[in-house]
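For reference, the chains in residue letters:
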Amino acid sequence: MKFSIGGSLKLAFRPWVEGLENIPAEGAAILASNHLSFSDSFFLPAVLDRKVTFIAKAEYFTTPGLKGRMTAAFFKGVGQLPVDRSGARGAGEAAIKSGIDVIESGELFGIYPEGTRSPDGRLYRGKPGGLARVALATGAPVIPVAMIDTEKIQPPGKVMPKLMRPGIRIGKPLDFSRYNGMEHDRFVLRAVTDEVMYEIMKLSGQEYVDIYATAAKRQIADAAKAEKEEEKAEKAALAQAEKQAAAEAAELRAAEQRRAELRVIEGEGTEAKDGAGNPDSADNAAKDTGPKDV
């Protein structure tokens, strides 16, 4: 299935690739890539002759029903390895163990040092756990990889992918044998990870942000939430202002109505007063009602 999927991807999207000569024809190696899109784990294996194993959520392999079975078959076909992520620390240890197993089998292990997809296309700080620990525990070379424009193929919220040519740049292998036996030194893990991220940055041309992508996603989510709450508050204030304006307008209309009624009452009273205080009017009225000559 790997070759059929890879062939279909290459035929439909025609990805360009640089640095294929840096992938060993045999033997273990770690491919450390930036992470722009869900499709990164498909396009990289598609351009290689060798199998690349990536880590994937166990849920992709255990969902019941026909759709679940098809999803599991697809992920197995593209070289995804299920890892239980039910606990943060447990998930990390499981990923490291899986990576070591792949390397010890003499295969290619793919990993995203950022730990998650970039929320905005920039390159974020690498997490020092998985990549560095697998590299130092096994002595395998680390090959930096840059995915180019894969996030533009299917942006968040889009169902249908856009047919365009993504790119892949593969750098020269990095040797960290000078740190052998130091896989539990956090300063060494940080140094190894930062060196790899620097090489990825040079290959991808991305802007580097020295915070974790997970933290950036929280900041973006918090900002979106704050903006939504601000919009809600503005709408509520506008509705309150409109309600207040309507109440004031109604009060003005009622006051005008009362003034109009008072003017009518005052006018009627004036007419009655004028009639009662004019004797000529009374005499004339008497004459008009008296006997008339025939």
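Values in this document were obtained by computation on a predicted structure and should not be read as measured data.

Caption draft 1: Quick look at the overall build of the protein. Scanning the protein from terminus to terminus reveals nine helices and nine strands. Scored against the burial criterion, the 294 residues of the protein give a buried share of 35%. As presented, the protein carries roughly 17800 Å² of accessible surface, and 56% of it is formed by carbon and sulfur atoms.

Caption draft 2: Fine view of unusual backbone geometry. Despite not being glycine, Arg 14 has its phi angle at roughly 50°, a positive value. Mapped onto the elements, Arg 14 comes out in the loop between helix 1 (2–13) and strand 1 (16–18). Positive phi outside glycine occurs at Asp 149, with the angle close to 70°. Position of Asp 149 relative to the elements: it lies in the loop between strand 7 (142–148) and strand 8 (167–170).

Caption draft 3: Broad picture of the nonpolar core. Of all hydrophobic cores here, the largest spans 27 residues; its most connected members are Ile 30, Phe 109, Val 142, Phe 176 and Val 196. Elements with a contribution of two residues or more to this core: strand 2 (29–33), helix 5 (88–104), strand 5 (108–111), helix 6 (130–138) and helix 7 (186–204). Broken down by element, the residue count for this core peaks at six residues, all from helix 7. Core analysis: the next-biggest nonpolar cluster, separate from the first, contains 26 residues, Leu 9, Phe 42, Ile 153 and Ile 168 among them.

Caption draft 4: View of the packing of aromatic side chains. Taken as a whole and judged by the stated rule, the model has three aromatic pairs. Between Phe 38 and Phe 42, the aromatic rings sit 5.3 Å apart at their centres with planes inclined by 80°, giving edge-to-face as the arrangement. Since its relative accessible area comes to 9%, Phe 42 is described here as buried.

Caption draft 5: Up close: the confidence of the model for the protein. Taken over all residues, the pLDDT of the protein has a mean of 85, while the share at 70 or more is 83%. Averaged pLDDT values over the elements of the protein bottom out at 54 in helix 9 (residues 279–289) and peak at 98 in strand 7.

Caption draft 6: Just the environment of Val 102, in detail. For Val 102, the position within the fold is in helix 5. For the pair formed by Val 102 and Ala 28, sequence separation is 74 residues and the distance between their alpha carbons is 8.1 Å.

Caption draft 7: Broad picture of the sheet that holds strand 2. Spatially, the seven strands line up as an open sheet ordered 1-8-7-2-5-3-4, and their pairing is mixed. In this open sheet, the two strands that pair with only one neighbour each are strand 1 and strand 4 (80–83). Adjacent strand axes in the sheet meet at a mean angle of 25° when their direction is disregarded. Taken strand by strand, helix 7 contacts strand 2, strand 7 and strand 8, and its axis lies near 35° from that of strand 7.

Caption draft 8: Molecular detail of helix 6. Those residues of helix 6 that fall on the buried side of the exposure criterion are Leu 131, Ala 132, Val 134, Ala 135 and Leu 136. In the segment just after helix 6, Gly 139 is the residue with positive phi, at about 75°.

Caption draft 9: Main features of the side chain of Asp 40. Looking at the secondary structure, you find Asp 40 in helix 2 (residues 40–46). Looking at Asp 40, its side chain comes within polar contact range of the main-chain nitrogen of Ser 37, at 2.9 Å. For Asp 40, the side chain forms a polar contact with the side chain of Thr 150, separated by 2.6 Å. With sequence-adjacent residues up to four places away left out, Asp 40 is seen in contact with Asn 34, His 35, Pro 45, Tyr 112, Met 147 and Thr 150.

The rules behind the values
- Residues numbered from 1 in each chain as written.
- Predicted model: local features only at pLDDT ≥ 70, side-chain atom pairs only at ≥ 80, totals over all residues.
- Heavy atoms only, no water.
- Helix = DSSP H or I, 4+ residues; strand = E, 2+ residues; numbered from the N terminus.
- Buried < 20%, exposed > 50% of the residue type's maximum accessible area, 1.4 Å probe, protein only.
- Areas by Shrake-Rupley, 256 points an atom, 1.4 Å probe, with all protein chains shown as cover.
- Core = buried A, V, L, I, M, F, W, Y, C linked by side-chain atoms within 4.5 Å.
- Phe/Tyr/Trp six-rings, centres within 6.5 Å; stacked < 30°, edge-to-face > 60°.
- pLDDT = per-residue confidence, 0-100.
- Pairing = 2+ DSSP bridges.
- Axes fitted to C-alpha atoms, helices over the stretch in contact; angles between N-to-C directions.
- Contact = heavy atoms within 4.5 Å.
- Polar contact = N/O pair within 3.5 Å; in protein donor to acceptor, adjacent residues only side chain to side chain.

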